[in-house]
Amino acid sequence: MSTSLAPRQRKKAREKRDPGATRRALLAAGARLFSEKGYAAVSVEDLARRAGVNKALISYHFGGKRGLYAAVLESGFAEMAFRLRVVVGAADAREGLHRFFGVFEEMTRERSDFPALFLREAVSKGIEPAVVPHLLEIMGITRRLAQRGHREGRFRKVDPLLFHFGLVGALGFFFATEPARRRAAAHVPFEMPTPGAFIRHLEEMTLRGLAPGPSPTTKQKSNKRKGART
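Predicted model, so just to flag it, every value in this text is computed and none were measured.

(A) Inspection of the environment of Arg 23 at higher detail. Mapped onto the secondary structure, Arg 23 falls in helix H2 (residues 19–37). Counting along the chain gives 34 residues from Arg 23 to Leu 57, while the straight-line C-alpha distance between them is 8.7 Å. In this structure the side chain of Arg 23 is engaged in a polar contact, spanning 3.3 Å, whose partner is the backbone oxygen of His 61.

Below is the structure:
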């Protein structure tokens, strides 16, 4: 009897000695499973099995599955907000925009589950309250970047919120759909773009679109007026 319980007792002893490692294992398991399957399709048993811990520890550390999900989301958004602070210290707005793209590429390379989690949360019924402060910080960084670019004469004046959604929407969708592109690669007659190529393309297109001067719509209206007078 005592022999059969020994492995279980040793496991519990390890968990008690290093609660930090247990939390990290559960956060990593949650990030992977929630991003792959969504919240509803992941069970407590799935999470415990993936983390290699007793399922009771999910309640102990996070108060249950929902608490773990909130902690996973908060961890990702908090890290993104922290990393994006380098944008504020850029020499100018163009450099800040370059840093913004670099941070997003780095983050998704190191935490490949984050874009899918971000997209799932964005299209869910509501934003997790724990995420809101970090989301507001990220939006504040992009807003100030747009405003700074206009003050410096490097960007034309744009709506800061539209600027934010345009950048984050394009980046989030591209990186969240990376697994689908990998699966499709074997069935299409062209090569799928790499993340680096997409980042460079989006940065160039964004800078062109932000260039000071008349917008394409203004030019089209002007040309129509000239044509009507002719």
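(B) Inspection of the nonpolar core at higher detail. The biggest cluster of nonpolar side chains holds 50 residues, and the ones touching the most others in it are Leu 68, Met 80, Leu 84, Leu 97 and Leu 171. In this structure, Leu 84 is in contact with Phe 100, Val 103, Ile 138 and Ile 141, ignoring residues within four places of it in sequence.

(C) Summary view of a nonpolar patch on the surface. The grouping of Ile 127, Val 132 and Leu 136 at the surface amounts to a nonpolar patch, some 250 Å² of accessible area in total. The exposure class assigned to Leu 136 is exposed, which follows from its relative accessible area of 53%.

(D) Empty space enclosed by the protein, seen in detail. All told, the structure shown has one cavity of 30 Å³ or more when counted by the stated rule. Of all the secondary structure elements, the ones that give two or more residues to the lining of the largest cavity are helix H5 (65–84), helix H6 (93–110), helix H7 (114–122), helix H8 (132–151) and helix H9 (160–176). No other element matches the three residues that H5 contributes to the lining of the largest cavity. Among the residues forming the lining of the largest cavity, the class breakdown is ten nonpolar, one polar and no charged.

(E) The arrangement of the pattern of salt bridges in detail. This structure, assessed with the given rule, holds 15 salt bridges. Ionic pairing is found between Arg 148 and Glu 152, a salt bridge with its closest N-O pair at 2.7 Å. Residue classification places Arg 148 among the buried residues on the basis of a relative accessible area of 18%. Under the relative-accessibility criterion, Glu 152 is labelled partly exposed at 33%.

(F) Focus on the packing of H8 against H9. At a minimum axis distance of 8 Å, the contact between H8 and H9 shows a crossing angle of 115°. Where H8 crosses over H9, the two elements pack in a sense that is right-handed. Contacts from Ile 138, Met 139, Thr 142, Arg 143, Leu 145, Ala 146 and Gln 147 in H8 reach Pro 160, Leu 161, Phe 163, His 164 and Phe 165 in H9. Here the contact of H8 with H9 is built from residues that sort into eight nonpolar, three polar and one charged.

(G) Quick look at the layout of surface pockets. As a volume, the largest pocket reaches approximately 380 Å³. Around the largest pocket sit 19 residues that line it, and Ser 112, Phe 175, Glu 178, Pro 179 and Arg 182 are the ones nearest its centre. Within the residue set of the lining of the largest pocket, elements represented by two or more residues are H2, H6, H7, H9 and helix H10 (178–184). When residues of the lining of the largest pocket are assigned to their parent elements, the largest contribution, five residues, is made by H10. Its residues assigned to classes, the lining of the largest pocket shows seven nonpolar, four polar and eight charged. Estimated volume of the second largest pocket: approximately 160 Å³. Counting residues per element, the ones that place at least two in the lining of the second largest pocket are H7, H8 and H9.

(H) Region of the structure containing the packing of aromatic side chains. For the coordinates displayed, the defined rule picks out ten aromatic pairs. When the centroid spacing of 5.6 Å and the interplanar angle of 45° are considered together, the rings of Phe 77 and Phe 118 count as tilted. With Phe 77 in helix H5 and Phe 118 in helix H7, the pair connects residues that are 41 residues apart, well separated along the chain. Like Phe 77, the residue Phe 118 is buried in the burial classification. Taking the centre distance of 3.9 Å and the plane angle of 0° together, the rings of Phe 174 and Phe 198 count as stacked. Here Phe 198 lies in helix H11 (residues 195–210) and Phe 174 lies in helix H9, a separation of 24 residues in the sequence. Look at Phe 174 and you get buried, because its relative accessible area is 7%. Phe 198 sits in the buried class, given a relative accessible area of 16%.

Analysis parameters
Residues numbered from 1 in each chain as written. Predicted model: local features only at pLDDT ≥ 70, side-chain atom pairs only at ≥ 80, totals over all residues. Heavy atoms only, no water. Helix = DSSP H or I, 4+ residues; strand = E, 2+ residues; numbered from the N terminus. Polar contact = N/O pair within 3.5 Å; in protein donor to acceptor, adjacent residues only side chain to side chain. Core = buried A, V, L, I, M, F, W, Y, C linked by side-chain atoms within 4.5 Å. Buried < 20%, exposed > 50% of the residue type's maximum accessible area, 1.4 Å probe, protein only. Contact = heavy atoms within 4.5 Å. Patch = residues over 30% accessible without salt bridge, like charges linked within 9 Å, V, L, I, M, F, W, Y side chains within 5 Å. Areas by Shrake-Rupley, 256 points an atom, 1.4 Å probe, with all protein chains shown as cover. Salt bridge = Lys/Arg side-chain N within 4 Å of Asp/Glu carboxyl O. 1 Å grid on protein atoms, 1.4 Å probe; cavity = no way out; pocket = protein on both sides within 12 Å on 5 of 7 lines; lining within 4 Å. Points joined across faces, edges and corners; volume = space filled by probe spheres on them. Nonpolar A, V, L, I, M, F, W, Y, C, P; charged D, E, K, R; others polar. Axes fitted to C-alpha atoms, helices over the stretch in contact; angles between N-to-C directions. Left-handed = near helix turned anticlockwise from the far one by under 90°. Phe/Tyr/Trp six-rings, centres within 6.5 Å; stacked < 30°, edge-to-face > 60°.

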